[in-house]
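One letter stands for each residue in the lines below.
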Amino acid sequence: MKLILIVDDEIDITETFSLLFEVHGYEVLTATNGREALALLQKRVPDLIISDCMMPVMDGITFRKQVQQDPVLGEKPFVLMSAAPDQHDLASVKIDRFLKKPFQFDELIDTVQTLLHK
Amino acid sequence: MAQDNKSSDAFGKTDGSRQTFGRIQLMKTGIPGFDEILGGGLPKHSLYLIQGLAGSGKTTLACQMGFAHAKDGEKVLILTLIAESHAKMINHFSNFSFYDEKLIGNEIVFHGAYSSLARGGLRELLKLITASLSEQKPSILIVDGFRSIRNSSPSDLDLSEFMHSLNSLVASMGCTTFLLSPVEGNVPDSENTLVDGLIELSQYEHGMRLVREVKVFKMRGADHLLGKHAFAVCPDGIVMYPRLETTVGKTNAPPAATGEYVSSGILTLDRVIGGGIVKASVTNLLGSPGVGKTSMGLHFIDEGLKKGEPGLIIGFYESPQRLMEKARRISIDLATPAARGQLDIMWQLPLEVLLDELAGRILDTVRQRGVKRVFLDGVEGIRHIAMHPERAPAFLVALFNELRVLDVTTFVTEQLPYKQSDRSNSSASALYENILLLEFVEHDDAHMRQISVMKLRENGYDNANHLMIISDQGVSVDGYISDIKKNLRPAPER
């Protein structure tokens, strides 16, 4: 079973995505900010990471920069999402896909399935 | 919370009163009148609570919307908690014309959800809903018996989390969702605060009459009409009647004075009032019973018909047959133009009819027939119909405004109270551009009809009291009453 890490400070989003990915046969880990996610990554290596940009403690761009430095984790597909992309320096990080909020789950599951089967 | 100033959550929702509904996609409800109340429709992919006590019509409302969309090939999922059985629900719908058996089991799917709630609480229920949405991919979800969730005694926090997650879930799945709950009132529970829209159906007794009303407490992302609106449950399902005062005059102001005049249909009266009545104005014929108000209104309509202007007569007390006979006695033929479709006679007994439904019929007729002259015979009928009598003046202001916008010239009769002391209650002045007072006056033990101009906008007029005569040739206006009294002319017979 493929493992997905979802990082977002809004609990209804992590909850909803978890339930939906589980229905589609995925295992899901969740974290509410970048630092919490880095701690989880010490224990398990996901197949794909989905992260919001705007979060307290550690934002999504900083989180991605940290992940990129790891030779194993840095190669895992990384999806970044934000409602306000212009507020973030997206060009400073390597991402596989950016999703502008709001979006529907169909778009997300298509993205995940495409990236995992590349 | 996030460091940045977030404008919305992952699914584009805000918790405030954003003003971006112009960009939000609206879903047509398929319920006559409801979209107008909602400001165009329901914002799609949102979570709504429809509440109302037993028998208020909430299940019918939600399912009527469901059937309307299922007929267009959309999928509708009906999840039931503790509510009536699926078979009973289907049986009840089958009485309505919107019911289509072919849709059941195909576009419209029923799932029972109570066992999940009983077995694993809100978490298990959310899982079931997630799985059902993923499997069925409905565009509309209806959850009937939602009160069962509150009755399962979750903590306030658990219920809030559930509502929050459900809201996100339906938005992410692109599913417009209705929760049906048998409660009333806008209370600060999470069911009310964490939904995007709150709609209440209520019913109450007014004397021996049952009144049904709909109220939209909140509707994020839509410019809905405030306050209560009447609705009816009929064989076609629910029909809503937006309160006229909230709908008219929003976009269209009455036309500016054009300087155009129309004839009253009584040549001798036109001379007294400076050539005629201002076009698209409203004239009040205020007078005692039997003084000739209706006859004057019939002349006004007849004049328009002769010029090819479609007319509409609205009456509450005299049937069309009696009115036609009354017209015939003063040499006015209404039967022929009515048969040709140039004249509509709307006869409505002032009994159990909804005011806004009547207004809708009047305005629809005016628009569809291109009516240019309206004669409202007995404005008291409107006051009798009004469930809330204090509403009648505002309703009339709205109705007359809309008629002016539609370039319609209107005559309205109003009975003068018998007692002089009651006459100060007349609301006439604020409603009408023109007021003509018709009275019986005594002279030498006989009654004469007297007509006086009390108010006439944009006209110079003769403000003396004139004699009014009704013969088999109709109504005419004669000389000054003062001269008659001086010359001791005999008073005409009444």
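In the block above lies the structure referred to throughout.
Helix and strand counts for chain B stand at 17 helices and 22 strands. Long-range contacts, defined as pairs at least 24 residues apart, comprise 72% of the intrachain contacts of chain B with a sequence gap of at least 6. With the model as given, the accessible surface of chain B reaches about 21600 Å², and the carbon-plus-sulfur share is 49%.

Counting its secondary structure elements, chain A contains 4 helices and 5 strands. The helix and strand sequence of chain A, counted from the amino end, reads β-α-β-α-β-α-β-β-α. Computed over the C-alpha atoms, the radius of gyration of chain A is 13 Å, within 12% of the 13 Å expected from 2.2 N^0.38 for a compact globule of 118 residues. Referenced to the eigenvectors of the C-alpha coordinate spread, the extents of chain A come out at roughly 35 × 30 × 25 Å. For chain A, buried positions account for 54% of its 118 residues. By sequence separation, contacts in chain A at least 24 residues apart represent 62% of the contacts at least 6 residues apart.

The N-to-C vectors of helix α1 (residues 11-23) of chain A and helix α6 (residues 156-172) of chain B enclose an angle of 60°; their axes lie 9 Å apart at closest approach. Here α6 of chain B runs oblique to α1 of chain A, going by the angle between their axes. Viewed along their axes, α1 of chain A and α6 of chain B form a crossing whose handedness is right-handed. Contact with α1 of chain A, carried on its side by D12, E15, T16 and L20 of chain A, involves H164, S165, S168, L169 and S172 of chain B of α6 of chain B and no other residues of that element. For the contact of α1 of chain A with α6 of chain B, the residue count by class is 2 nonpolar, 5 polar and 2 charged.

Moving on, we come to the interface of chain B and chain A. Chain B puts 26 residues into the contact, and the matching count from chain A is 27 residues. Here chain B meets chain A over a buried area of about 2200 Å², counting both sides, of which 56% is carbon and sulfur. Scanning the region where chain B abuts chain A turns up 2 salt bridges. In this structure, D106 of chain A engages K137 of chain B in a salt bridge whose closest nitrogen and oxygen atoms are separated by 3.8 Å. Here chain B is connected to chain A by 4 residue pairs in polar contact (both at pLDDT 80 or more). For the side of chain B that touches chain A, the secondary-structure elements that each account for two or more residues are α4 (114-136) and α6 of chain B. Looking at the side of chain B that touches chain A, its residues break down into 9 nonpolar, 11 polar and 6 charged.

Moving on to the packing of α1 of chain A against helix α4 (residues 105-116) of chain A. Residue and element names in this part refer to chain A. With their axes 12 Å apart at the nearest point, α1 and α4 run at an angle of 60° to one another. The angle between α1 and α4 falls in the class oblique. Crossing geometry of α1 relative to α4 is assigned as right-handed. Across from F17, L20 and F21 in α1, the residues of α4 making contact are F105, L108, I109 and V112. Of the residues that constitute the contact of α1 with α4, the class distribution is 7 nonpolar, no polar and no charged.

This next bit is on the nonpolar core. F21 and I50 of chain A together with F162 of chain B are the most contacted members of the largest nonpolar core, which totals 49 residues. Look past the residues within four positions of F162 of chain B in its chain and what remains in contact with it is L122, L125, L126, I129, F146 and I149 of chain B. By size, the runner-up hydrophobic cluster in this structure holds 38 residues, among which are A62, F98, I108 and M240 of chain B.

Let us now look at the pattern of salt bridges. Residues and elements named next belong to chain B. By the definition in use, this model includes 28 salt bridges over all chains. In this structure, D302 and K306 form a salt bridge, with 3.0 Å as the shortest nitrogen-oxygen distance. You can see D302 and its partner K306 sitting in helix α10 (residues 293-306), 4 residues apart, about one turn around the helix. Using a relative accessible area of 64% as the deciding quantity, one classes K306 as exposed. A salt bridge links E325 to R328; the nearest nitrogen and oxygen atoms lie 2.7 Å apart. Of the two residues, E325 and R328 are both situated in helix α11 (residues 320-329); the distance of 3 residues between them amounts to about one turn of the helix. Among the residues examined, R328 registers a relative accessible area of 52% and is labelled exposed. One salt-bridge network, in which partners are shared between bridges, spans R150, D156, D189 and E191.

Residue and element names in this part refer to chain B. The residue T246 is located in helix α8 (residues 244-247) in this model. Each C-alpha atom, one on T246 and one on E191, is 28 Å from the other, the two residues being 55 residues apart in sequence. Setting aside anything within four residues of it in sequence, one finds T246 in contact with L225, L226 and H229. Looking at T246, its side chain comes within polar contact range of the main-chain oxygen of R243, at 2.6 Å.

Now for the sheet that holds strand β8 (residues 197-206) of chain B. All names here are of chain B. Strand order across the open sheet formed by 9 strands is β5-β4-β6-β7-β3-β8-β9-β10-β11, with mixed pairing between neighbours. The sheet is open, and its two borders are formed by β5 (108-112) and β11 (237-241), each paired with just one other strand. Strand-to-strand twist across the sheet, computed as the mean angle between neighbouring axes with direction ignored, equals 25°. Across 10 bridges, the pairing between β8 and strand β9 (residues 209-219) is antiparallel. Note that in β9 the partner of H206 across the bridge is R209. Sheet contacts for helix α3 (residues 86-93): β4 (76-80), β5 and β6 (140-144); angle to β5, the most-contacted strand, approximately 145°. In the packing of α4 onto the sheet, the strands contacted are β4, β5 and β6, and the crossing angle to β5 comes to about 155°.

So, on to the pairing of strand β20 (residues 446-456) of chain B. All names here are of chain B. One ladder, built from 10 bridges, connects strand β19 (residues 434-443) with β20; its direction is antiparallel. Paired with V441 across the bridge in β20 is M448. Where β19 folds back on β20, the antiparallel hairpin that results is connected by 2 residues, among which D444 adopts a positive phi of roughly 50°.

On to the side chain of H224 of chain B. Residues and elements named next belong to chain B. Relative to the helices and strands, H224 resides in the loop between β9 and β10 (228-234). Judged by its relative accessible area of 13%, H224 falls in the buried class. Within the structure, the side chain of H224 is placed 3.5 Å from the backbone oxygen of V216, a separation counted as a polar contact. Discounting residues that sit within four places of it in the chain, H224 has contacts with I37, L38, G39, V216, F217, K218 and M219.

Moving on to helix α2 (residues 58-70) of chain B. Helix length check: α2 of chain B (13 residues) gives 18 Å between terminal C-alpha atoms against 18 Å at 1.5 Å per residue, within 8%. Most of α2 of chain B sits out of view: 12 of its 13 residues are buried.

Rules and cut-offs
- Residues numbered from 1 in each chain as written.
- Chains lettered and ligands numbered in written order.
- Predicted model: local features only at pLDDT ≥ 70, side-chain atom pairs only at ≥ 80, totals over all residues.
- Heavy atoms only, no water.
- Helix = DSSP H or I, 4+ residues; strand = E, 2+ residues; numbered from the N terminus.
- Contact = heavy atoms within 4.5 Å.
- Areas by Shrake-Rupley, 256 points an atom, 1.4 Å probe, with all protein chains shown as cover.
- Rg over C-alpha atoms; globule rule 2.2 N^0.38 Å.
- Buried < 20%, exposed > 50% of the residue type's maximum accessible area, 1.4 Å probe, protein only.
- Axes fitted to C-alpha atoms, helices over the stretch in contact; angles between N-to-C directions.
- Parallel < 35°, antiparallel > 145°, perpendicular 65-115°, else oblique.
- Left-handed = near helix turned anticlockwise from the far one by under 90°.
- Nonpolar A, V, L, I, M, F, W, Y, C, P; charged D, E, K, R; others polar.
- Buried area = accessible area lost by both parts, 1.4 Å probe.
- Salt bridge = Lys/Arg side-chain N within 4 Å of Asp/Glu carboxyl O.
- Polar contact = N/O pair within 3.5 Å; in protein donor to acceptor, adjacent residues only side chain to side chain.
- Core = buried A, V, L, I, M, F, W, Y, C linked by side-chain atoms within 4.5 Å.
- Pairing = 2+ DSSP bridges.
- Expected span 1.5 Å × (residues − 1).

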